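Structural overview
What follows is the residue order along each chain.
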Amino acid sequence: MALDHAILVSLLEQPGSGYELARRFERSIGYFWTATHQQIYRVLARMERDGLLAVRAVPQQGRPDKKEYSVAAPGRAALARWLHEPVEPESLRHDLAVKIRGAAFDDPAALIGEVERHRQVHSDRLAHYLAGEHRDFTGPDAPAPLDAGQELQHAVLRGGIAYERMTVAWLDDVLATLRRIGGPSAPDA
């Protein structure tokens, strides 16, 4: 997927400035598609030149006008074409999995700290996803009923939650295995 498509989706959900878009990538889309602020601004400029985006100047007090981007008709058409194209199933490239296999040729217990670090990252991300789900979709302040866009956002978030739960469970299994086979140098479980 090109960054262009992620930007089109985000701007269709809500028009905004480059800064606002970058913040959205940090908060939500970025968990599924990452981009730096510089990449986002470069792509926005190109998409504007190509006529995929409409831009309006928003006056600001004591600062230069802000550019607010929205999707123009050609951008909507480009996204529609892309939505109808087949997508290849994701392949799993996982450096940690290769390290885990390689631990058989060294001290398996030496990998425990790294696996624990990964587990903490995924556990924290799961907690973040669950808090966002409660805030935006299932909690008392969530809109009811959800519109089609919100339903699909929630479906993607549920996929992220399921992935993080699976990853934490897998890392727990790896840790138990490393501790079991790590020999005397393995810390207590």
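Provided above is the structure to which this section pertains.
Residues numbered from 1 in each chain as written. Predicted model: local features only at pLDDT ≥ 70, side-chain atom pairs only at ≥ 80, totals over all residues. Heavy atoms only, no water.

**Let's talk about helix α1 (residues 3-13)**
What counts, and what does not: In this scheme, a residue with accessible area under 20% of its type's maximum is buried, one over 50% is exposed, and one in between is partly exposed, where area comes from a 1.4 Å probe on protein chains only. A run of H or I in DSSP becomes a helix once it reaches four residues, and a run of E becomes a strand once it reaches two; helices and strands are each numbered from the N terminus. Note on contacts: a residue pair is in contact if any heavy atoms of the two residues lie within 4.5 Å.
In terms of burial, α1 is a largely internal element, 8 of the 11 residues being buried. Among all positions of α1, only L3, D4, H5, A6, I7, L8, S10 and L11 are buried. Elements in contact with the buried residues of α1: α2 (18-27), α3 (37-49), β1 (53-60), β2 (63-71) and α4 (73-83).

**Remarks on the pairing of β1**
Heads up, the rule is: Strands pair, by our definition, only if DSSP identifies at least two bridges between them.
Summarising the sheet, β1 and β2 pair through 7 bridges and their orientation is antiparallel. Note on β2: the bridge partner recorded for V55 is Y69.

**Brief notes about the packing of α1 against α2**
Note the cut-off: Every axis corresponds to a line fitted to the C-alpha atoms, with the helix fit spanning only the stretch in contact, and the corresponding angles, defined between N-to-C directions, vary from 0 to 180 degrees. Here roughly perpendicular refers to angles of 65 to 115 degrees, roughly parallel to angles under 35, roughly antiparallel to angles over 145, and oblique to all remaining angles. Amino acids outside the nonpolar list (Ala, Val, Leu, Ile, Met, Phe, Trp, Tyr, Cys, Pro) and the charged list (Asp, Glu, Lys, Arg) are all regarded as polar, and Gly is one of them.
Packing of α1 against α2 brings their axes to within 11 Å, and their N-to-C directions diverge by 100 degrees. Between α1 and α2, the crossing angle belongs to the class labelled roughly perpendicular. Residues L3, A6, I7, S10 and L11 of α1 touch α2, and the partners they reach there are L21, R24 and F25. By residue class, the composition of the contact of α1 with α2 is 6 nonpolar, 1 polar and 1 charged.

**Digging into the layout of surface pockets**
In plain terms, the rule: Whether a set of points on the 1 Å grid over the protein atoms alone is a cavity depends on a 1.4 Å probe fitting there but being unable to get out, while an open set qualifies as a pocket with protein on both sides within 12 Å along at least five of seven lines; lining residues are those with an atom within 4 Å of a point. Grid points are joined across faces, edges and corners, and a volume is the space filled by probe spheres set on the points.
Approximately 1400 Å³ is the volume attributed to the largest pocket. Around the largest pocket, the lining is made up of 36 residues, and of these V9, E13, I29, Q153 and V156 lie nearest the centre. Of all the elements in the fold, those that place two or more residues in the lining of the largest pocket are α1, α2, α6 (112-138) and α7 (148-181). Its residues placed into classes, the lining of the largest pocket shows 17 nonpolar, 9 polar and 10 charged.

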